Amino acid sequence: MSTRTSALDALVFGVDVQSGDVRGDAPSYALVVFDGESVERDVVTRRKLLRLVADREPAIVATDNMYELAADKDQLIHLLRRLPEATKLVQVTGDERPEPLSRVAKRHGVPYGKPAMEEAEAAARLAARNVGYEVSAFTDETEIKVARGRSTGGGGGWSEDRYTRRIHGAVKRESRNVESKLDDAGLDYEREVTEKYGGYANAVFTVQARPENIPIGEHRSGDTRVEIEPVRRDGIEFRPLARRRDRVLVGVDPGTTTAVALVGLDGHVLDVTSTRTADTAEVIEWIIERGRPALVAADVTPMPDTVEKIAASFDAPTWAPDADLPVDEKQHRTREEGYDDDHQRDAMAAALYAYDHYRETIDRATGEAPPDVDEGEVAARVLAGETLQGVLSDLEEVEEPEPEESTHEPRELTDEERRIRDLEAQVERLQAHVSDLETELDEKDAKLEEYEEELSEARREERQEARERREVTQLEWENDRLETELEEQRERADSLEEKLERLKDLWKLDHSNFADVSRGRDLVAVKPVDQFTVDAIETAHDEYGIAAGDVVYLRDASGAGRSTAELLAEFDPRVVLRSGGLSDAADEVLFDREIPVGPADDVTIREVDELAVASESDVEAVVEDWRDRKAQREREQKETMVDSIISEHRADRD
């Protein structure tokens, strides 16, 4: 049985530097695209290479040295982040201490040559055989951050508190939406939020899944933004594409949730898993990728059919206890092992109790195996029922000759005849053994071919399902976007309807335009200005003009200085209506320029956006009130001046 899982049905890119240096001038790369049968060759720039990877999404990008694609560790991490989710970067020459590519190619029977294109092809063919190590900088966790999409420093006509509360409320709603989608997908996650006035400043979700398995995409929408980032490792990790498949003891706990545990011939737990979705074929594939079963065990008796089926698929013996293992004994036997659920515990207990039962047998088999013989193979054959001596004799290809029987008086054989007899007997035994091995090999080759066909078909179906899931997810995201856009359009339509109603009210007051206001209708046009600032005044002047004799309405009169007041005075308005307090400096400038100023609360103003009208009589009353206050203020100033002159005169006389 092959110790590698075939990758020949996947698309592989082999890459090697053709010219230039990744640390200097822009390099060109020899690119070989290999799909298991056909080979495409090309010389491309780095930019085109990355574009082809993004467009075709190969299963593997293979190279003999990962730093031919990145100048340093930071660039390498940036490159890994840019790769498609389904694409691996593989260094075919090893992990932290790579071997020469020529040596690796020779070991695996792959053609090799010094030109860059031939090295790229060798890398592609090696990776297609699962030779090499995947280069990884990220864990299987993903961080989703929901944060503010804009600053809270102000929002046009909104008050700052109301604007900030709206943004924080939007972040909180979006974080709840993300949380709901993660719950619907059944994903495990942890959440940290920073609460602020009106909601959240941000929310960070640490999800136990890769980005491609999360039903959420990065996006920015008005007040919020959602960022998705895989969690980085402390350094670069190398994962072998294929693992050494030693002999193992397999424990299986079947049921709605199936758990499988692998225990080495030394009694240590090597791996454990549990699944609710995998069928028996997928469980068998999981075992194949990690070891060769010497024995399959269960924790109950009689042995379940599923466990029997798995054992039969490997032609491995089985073990079951005389009675179902008690829970407390299973807990005690697995107390030093880590497991996620009771099913994993039961699978580990089955394999460990089987090891305990055969421990002496295994130790004797591995201990007596010669150094040049696979001790795991010896133990497996002994567990299958063969005698230890018989196994060792077969593996050493030496066996004592059987004595011949004869009815005649035996004669003394010469040394040469004795040697010929022994050799003929040995040849017969070896030929019989070879015949048995060939039969077994043919059966296993047929079974392996069947498994590979099933695996290939399963992978094709999985890829199809993954494409369909991506399409469904994209359609759901598009539907959510359109629903959000529809809701925004509905809100805008409601706003326009309200504006239309206000316009109708104004139409009743003035059926033509503001030019009629001055013709005996007790109405006067009002020019609104959002704030008493230079920018707001200039904006109002650009939109509808401010001229001498206009009525100007300051929606927020606070904060203006002398220069702003002087700018407004230059327009020579008839009167300035204000909301809020006016600074002393601005009040002094407008008073000196004899521009009436009065509170807007004394005037009934009807407005729609920049359009506004007020009652002429109300405006005139404000002007008259200002004149009275002006006269009073001038009298007070004169009295103050007279008092000052008298005081000075008296001081001079004294």
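Residues numbered from 1 in each chain as written. Predicted model: local features only at pLDDT ≥ 70, side-chain atom pairs only at ≥ 80, totals over all residues. Heavy atoms only, no water.

Peer 1: Explain the pattern of salt bridges residue by residue, including any values.
Peer 2: By the definition in use, this model includes 34 salt bridges. Among the ionic pairs, Asp271 bridges to Arg290, the shortest N-O distance being 3.0 Å. You can see Asp271 sitting in strand β13 (residues 269–275) and its partner Arg290 sitting in the loop between α6 (280–288) and β14 (292–297), a full 19 residues away along the chain. The salt bridge partner of Glu478 is Arg481, with a shortest N-O separation of 2.5 Å. Placement of both Glu478 and Arg481 in helix α12 (residues 415–509) is noted, with a separation of 3 residues, approximately one turn of the helix. (Salt bridge = Lys/Arg side-chain N within 4 Å of Asp/Glu carboxyl O. Helix = DSSP H or I, 4+ residues; strand = E, 2+ residues; numbered from the N terminus.)

Peer 1: Quick one: what's the story with empty space enclosed by the protein, residue by residue and with numbers?
Peer 2: Counted by the stated rule, this structure contains 1 cavity of 30 Å³ or more. As a volume, the largest cavity reaches approximately 80 Å³. Lining the largest cavity are Arg46, Leu49, Leu50, Val53, Val61, Leu69, Leu79, Leu83 and Leu89. Considering each element in turn, the lining of the largest cavity owes the most residues, 4 residues, to helix α1 (residues 46–56). (1 Å grid on protein atoms, 1.4 Å probe; cavity = no way out; pocket = protein on both sides within 12 Å on 5 of 7 lines; lining within 4 Å. Points joined across faces, edges and corners; volume = space filled by probe spheres on them.)

Peer 1: I'd like to hear about the side chain of Glu119, residue by residue, with values.
Peer 2: Examined against the element boundaries, Glu119 turns out to sit in helix α4 (residues 116–128). No salt bridge is formed by the buried Glu119; the nearest opposite charge belongs to Lys114, separated by 4.1 Å. In this structure Glu119 touches Asp16, Asp64, Leu101, Tyr112, Gly113 and Lys114, once residues within four positions along its chain are discounted. (Buried < 20%, exposed > 50% of the residue type's maximum accessible area, 1.4 Å probe, protein only. Lys, Arg positive; Asp, Glu negative; His and termini not counted. Contact = heavy atoms within 4.5 Å.)

Peer 1: Please provide a residue-by-residue account of helix α15 (residues 584–592), values included.
Peer 2: Those residues of α15 that fall on the buried side of the exposure criterion are Ala586, Val589, Leu590 and Phe591. Residues of α15 that are buried in the fold lie against α14 (562–570), β19 (597–599) and α16 (616–653).

Peer 1: Provide a residue-level description of the pairing of strand β12 (residues 258–264), including the pertinent values.
Peer 2: Where burial is concerned, most of β12 is hidden: 7 out of the 7 residues are buried. One ladder, built from 6 bridges, connects strand β11 (residues 247–253) with β12; its direction is antiparallel. By the bridge assignment for β12, Val248 is matched with Gly264. Inspection of the sheet shows β12 paired to β13 by 6 bridges, in the antiparallel sense. Following the sheet pairing, Val260 is matched in β13 by Thr273. Between β12 and β13, which pair antiparallel in sequence order, lie 4 residues; one of them, Gly267, sits at a positive phi of approximately 90 degrees. (Pairing = 2+ DSSP bridges.)

Peer 1: So what about the packing of aromatic side chains? Which residues, and what values?
Peer 2: Counting across every chain of the model gives 1 aromatic pair. The ring of Phe591 carries the charged tip of Arg633 above its face, separated from the ring centre by 3.8 Å. (Phe/Tyr/Trp six-rings, centres within 6.5 Å; stacked < 30°, edge-to-face > 60°. Lys NZ or Arg CZ within 6 Å of the ring centre and 35° of its normal.)

Peer 1: Can you tell me about the sheet that holds β13, naming the residues and giving the values?
Peer 2: Pairing in this open sheet of 5 strands is mixed, and the strands run β13-β12-β11-β14-β15 from one edge to the other. Pairing within the sheet leaves two strands with one partner each, and these edge strands are β13 and β15 (318–319). Contacts from helix α7 (residues 305–313) reach β11, β14 and β15 within the one sheet, and its direction differs from that of β14 by about 155 degrees. (Axes fitted to C-alpha atoms, helices over the stretch in contact; angles between N-to-C directions.)

Peer 1: Describe the nonpolar core, naming the residues involved and giving the relevant values.
Peer 2: Core analysis: the largest hydrophobic core is formed by 27 residues, its most contacted members being Leu249, Leu295, Ile362 and Val378. At the level of secondary structure, the elements contributing two or more residues to this core comprise β14, α9 (342–368), α10 (375–383) and α11 (388–396). Element by element, the count of residues in this core is highest for α9, at 9 residues. Discounting chain neighbours no more than four positions away, the residues touching Leu295 are Val248, Leu249, Val250, Ala316, Pro317, Thr318, Trp319, Ala354, Tyr358 and Leu383. Core analysis: the next-biggest nonpolar cluster, separate from the first, contains 24 residues, Val33, Leu76, Leu83 and Phe138 among them. (Core = buried A, V, L, I, M, F, W, Y, C linked by side-chain atoms within 4.5 Å.)

Peer 1: How would you explain a negative patch on the surface if you had to name every residue and give the values?
Peer 2: On the surface, a cluster of negative charge is contributed by Asp315, Glu438, Asp442, Glu443, Asp445, Glu449, Glu450, Glu452, Glu453 and Glu454. With respect to the helices, strands and loops of the structure, Glu454 is situated in helix α12. We classify Glu454 as partly exposed; its relative accessible area is 39%. (Patch = residues over 30% accessible without salt bridge, like charges linked within 9 Å, V, L, I, M, F, W, Y side chains within 5 Å. Areas by Shrake-Rupley, 256 points an atom, 1.4 Å probe, with all protein chains shown as cover. Charge placed at Lys NZ, Arg CZ, Asp CG, Glu CD.)

Peer 1: I'd love a proper account of the packing of α9 against α10, names of residues and values included.
Peer 2: Axis separation between α9 and α10 bottoms out at 8 Å; the angle between their running directions is 135 degrees. Taken together, α9 and α10 sit at an angle that is classed as oblique. Here α9 and α10 pass one another in a crossing that is right-handed. Contacts between α9 and α10 involve Tyr358, Thr361, Ile362, Ala365 and Thr366 from the first element and Glu375, Val378, Ala379, Val382 and Leu383 from the second. (Parallel < 35°, antiparallel > 145°, perpendicular 65-115°, else oblique. Left-handed = near helix turned anticlockwise from the far one by under 90°.)

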